[in-house]
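Residue-level structural notes
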Amino acid sequence: MEKYDIKILLALKECIRGSKDFFKWLLDNGYPELAAFSNAVRGDRSAQDFLGRIGKGWLSILSEAIDGDEKARVWIGRNCHIVNLMFAMACREDARALEWLQKNNLKIFILLAQEVKIVLDTQATENAGPYVLHF
């Protein structure tokens, strides 16, 4: 994700936050992979499948790494820029990753991680209620 312009990453941040306008903007301006990634982070399997179909499977794997999948983290660490691994770990509030991003002046990834963390916390709350059935 380090190759995207900061303005595009700011649009992604708003998309992750839930902005339909920024979602549409990403789609209409040549970044469907980031729109799909924002949905993948929310657990949308069809978005992950779409990422694979358009040759951006690494974003699907990044989403899995964010979810804590160790195999995905190892893959990201071996096959992508370290920024992506640190971002995935920062989404889970890993202190070392947050410090690394700060030290390397990558504040945008800290902001993105904070938005993702909100999504993860919301998902955890929604999936932990007494009326949620797990089959």
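Look a little higher up for the structure.
Residues numbered from 1 in each chain as written. Predicted model: local features only at pLDDT ≥ 70, side-chain atom pairs only at ≥ 80, totals over all residues. Heavy atoms only, no water.

1. Let's talk about the packing of helix H1 (residues 6-17) against helix H2 (residues 20-28)
Using the following cut-off: Where helices are involved, their axes are fitted lines through C-alpha atoms of the stretch in contact, as for all axes, and angles between N-to-C directions lie from 0 to 180°. Each helix is a run of DSSP H or I of at least 4 residues and each strand a run of E of at least 2, with the numbering of both proceeding from the N terminus. Oblique is the label for any angle not under 35 degrees, not over 145, and not in the 65 to 115 range, which are roughly parallel, roughly antiparallel and roughly perpendicular in turn. For a crossing to be left-handed, the near helix must be turned anticlockwise from the far one by less than a right angle; the clockwise case is right-handed. We call two residues in contact whenever any of their non-hydrogen atoms come within 4.5 Å of each other. Gly counts as polar in this scheme, as do all residues outside two lists: the nonpolar Ala, Val, Leu, Ile, Met, Phe, Trp, Tyr, Cys and Pro, and the charged Asp, Glu, Lys and Arg.
Put simply, H1 and H2 touch, their axes get as near as 7 Å, and they point 135° apart. Taken as axis vectors, H1 and H2 run oblique relative to one another. Like other packed secondary-structure pairs, H1 and H2 cross with a definite hand, here left-handed. Counting all contacts with H1, which are made through Ile8, Ala11, Leu12, Glu14 and Cys15, the residues of H2 involved are Phe22, Phe23, Trp25 and Leu26. Looking at the contact of H1 with H2 residue by residue, the class counts come to eight nonpolar, no polar and one charged.

2. A few points about the nonpolar core
Condition: What is meant by a nonpolar core is a set of buried Ala, Val, Leu, Ile, Met, Phe, Trp, Tyr and Cys residues, joined one to another through side-chain atoms within 4.5 Å. Accessible area is worked out with a 1.4 Å probe on protein chains only. A residue is then buried under 20% of its type maximum, exposed over 50%, and partly exposed in between.
In terms of nonpolar packing, the biggest core is built from 43 residues, with Met1, Phe37, Leu62, Ile66, Phe87, Phe109 and Leu112 touching the most fellow members. Listing elements by their share of this core, those giving two or more residues are H1, helix H3 (32-41), helix H4 (45-53), helix H5 (57-66), helix H6 (70-79), helix H7 (82-90), helix H8 (95-103) and helix H9 (107-126). Ranked by the residues each element gives to this core, the list is headed by H9, at eight residues. Once residues within four sequence positions are removed from consideration, Met1 is found in contact with Leu9, Leu12, Phe37, Trp58, Leu59, Leu62, Asn84, Phe87, Phe109 and Leu112.

3. Let's talk about H4
As a reminder, the rule being used: Working definition: the arc comes from the directions between the helix axis and the C-beta atoms, pointing outward to the latter.
Taken together, the buried positions of H4 are occupied by Ala47, Gln48 and Leu51. Down the axis of H4, the smallest arc covering the buried residues is 100°, so these residues share one side. The inward-facing, buried residues of H4 contact H3 and H5. Positioned one or two residues after H4, Gly55 has a phi angle of 80°, which is positive.

4. Quick word on the packing of aromatic side chains
Stated precisely, the cut-off is as follows: Each aromatic pair joins two rings of Phe, Tyr and Trp (for Trp, the six-membered one) with centres within 6.5 Å, and gets the label stacked for planes under 30 degrees apart, edge-to-face for over 60, and tilted for any other angle.
Following the criterion strictly, the structure yields three aromatic pairs and no others. Between Tyr4 and Tyr31 the ring centres are 6.1 Å apart and the planes differ by 65°, which places this aromatic pair in the edge-to-face class. Of this pair, Tyr4 sits in the segment before H1 while Tyr31 is found in the loop between H2 and H3, placing the two residues 27 residues apart along the sequence. Overall, Tyr31 belongs to the partly exposed group, its relative accessible area being 23%.

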